[in-house]
There are 2 protein chains.
Amino acid sequence: MNPNKKAVVLLSGGIDSAVASALANKAGYNLFGLSFDYGQRHKVELTAAKKIADHLHFARHLIFPLPLNLFGGSALLGDSEVPKGRTDSEIQTGIPSTYVPGRNLIFLAIAIAWAETLSADAVIIGAHTIDYSGYPDCRPEFLDSFQRSANLATKAGTEQRLIRVWPPLIHLGKAEIIKTGSELGLDFSLTFSCYDPDEQGRACGLCDSCLIRKKAFQAADIPDPTLYR
Amino acid sequence: MNPNKKAVVLLSGGIDSAVASALANKAGYNLFGLSFDYGQRHKVELTAAKKIADHLHFARHLIFPLPLNLFGGSALLGDSEVPKGRTDSEIQTGIPSTYVPGRNLIFLAIAIAWAETLSADAVIIGAHTIDYSGYPDCRPEFLDSFQRSANLATKAGTEQRLIRVWPPLIHLGKAEIIKTGSELGLDFSLTFSCYDPDEQGRACGLCDSCLIRKKAFQAADIPDPTLYR
């Protein structure tokens, strides 16, 4: 690994950012993991993020405090109930109440700032759209536009030292993402997907995120190590 | 004033954001001021911001904690000395060491998030480029690109409820900005510009920001109420 090839990776503790990290490892990047304590009700995901950062030998892992709960506006910030037991077609329609206003715009902006101070080459995000979450800030057209904004905003960009916004999973479905992680030896028992865990940190099994996870493990024909309550 | 016409304004405590706020007031906006406690060495500017928010009858003023000093990379974050006594041509050349990586990208992203939860129509920023600060994230080409990124990232944007990124000062020089504020009755004694105040909060009179301020008041033929040390 080239010690000068650095990337900041947005690490949520879920499957997507873990697989994106494993792919970035394979591509020779030294990884600087960035997680956010943003008032999410599933704060237990930060424990998962820390374990994944250790498992994948990150150079550093930072949990950045970001009190988006000052604004509210999302079921994930505790402003309404997390929807449960939705059908596939309900999940695939519209923008869910778990949408957090501006989340990836903010997360990517902060990642770009850290990448610039580290002289890193890339910011990595586990966004994908085939098995669509309904979040507008996971779409390739947003990521392309953000790349241009980041180039214009930064000293690095004006000096032609591009910080690449790289979404390595953008063209993969969720089952393919799991297969990819499995091939790379990722320990999925470290990952955490649930939006609404209980006080013991156990996954609900019924929120959109749990349902998408279960279905994808089944489609990939790989056992899901999650202990659902 | 229409109570439903809301805008989030980035309020630093300096002249530009105060004049931008006064213009937005005049345009009939209810203002929600957003300031950042981002590890800046001139944290005293937040006291100025609070006074300006009161003076201009903001609906609300929020100081958002954002520890960019975790990353460093700027004289304003204490990583190097603030340059003093530079000539006009030095100030107008290149990107100064007071550049904070990703600052306006992050500030605008967080402002968009608040604006979306408030159902606000606009995010207002006091950026301008005629008397150039050297900061790439104040340029119109960046702001135009950010507008597009924000539209693509948000639920509001996908539903054609545009949150306009409005830089009302973008085509004004610094002396014109001061004249505009003066005509609007703005009390400039509440504003604070210095990058490197002493422990009593007095302006140094020698950093780029103090020098640009002094020169602009002279050019506008308006007395600068600042007490320089």
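A quick note: this is a predicted structure, and the numbers were derived from the prediction, not measured.

**Brief notes about the sheet that holds strand β4 (residues 122–124) of chain B**
Residues and elements named next belong to chain B. Ordered by their spatial adjacency, 5 strands build an open sheet running β3-β2-β1-β4-β5, and the pairing between neighbours is parallel. Only two strands of the sheet have a single neighbouring strand rather than two, namely β3 (60–65) and β5 (164–166). In this sheet, neighbouring strand axes are inclined to one another by 25 degrees on average, regardless of whether the strands run parallel or antiparallel. The pairing of strand β1 (residues 6–10) with β4 spans 3 bridges and is parallel. Bridge pairing links V8 to V123 in β4. On top of the sheet, helix α1 (residues 15–26) reaches β1, β2 (30–37) and β4; it is set at about 170 degrees to β1, its chief contact.

**A closer look at the sheet that holds strand β1 (residues 6–10) of chain A**
What links the strands of a sheet is backbone hydrogen bonding, and the strands pair in either a parallel or an antiparallel sense. Residue and element names in this part refer to chain A. Taken in spatial order, the 5 strands line up as β3-β2-β1-β4-β5 in an open sheet, and their pairing is parallel. At either margin of the open sheet sits one strand with a lone partner, and together these are β3 (60–65) and β5 (164–166). Between one strand axis and the next, the sheet turns by 25 degrees as a mean value, whatever way the strands run. Here strand β4 (residues 122–124) pairs with β5 via 3 bridges, running parallel. Bridge pairing in β5 places A122 opposite R164. On the sheet, helix α1 (residues 15–26) packs against β1, β2 (30–37) and β4 and is oriented at approximately 170 degrees with respect to β1.

So, how was this worked out
- Counting starts from 1 at the beginning of each chain's written sequence and moves along it residue by residue.
- Lettering of chains starts at A and numbering of ligands starts at 1, both following the order in which they are written.
- Residue-level local features of this predicted model are given only where pLDDT is at least 70; pairs of side-chain atoms are given and counted only at 80 or more, and the full residue set underlies all totals for whole chains, interfaces and linings.
- Two strands form a pair only when DSSP identifies at least two bridges running between them.
- In this description a helix means any DSSP run of H or I spanning at least four residues, a strand means any run of E spanning at least two, and both kinds are numbered starting from the N terminus.
- All axes are obtained by fitting lines to C-alpha atoms, using only the stretch in contact for helices, and the reported angles, taken between N-to-C directions, cover 0 to 180 degrees.
- Two residues qualify as a contact pair if the distance between their C-beta atoms, derived from the backbone, is within 7 Å.

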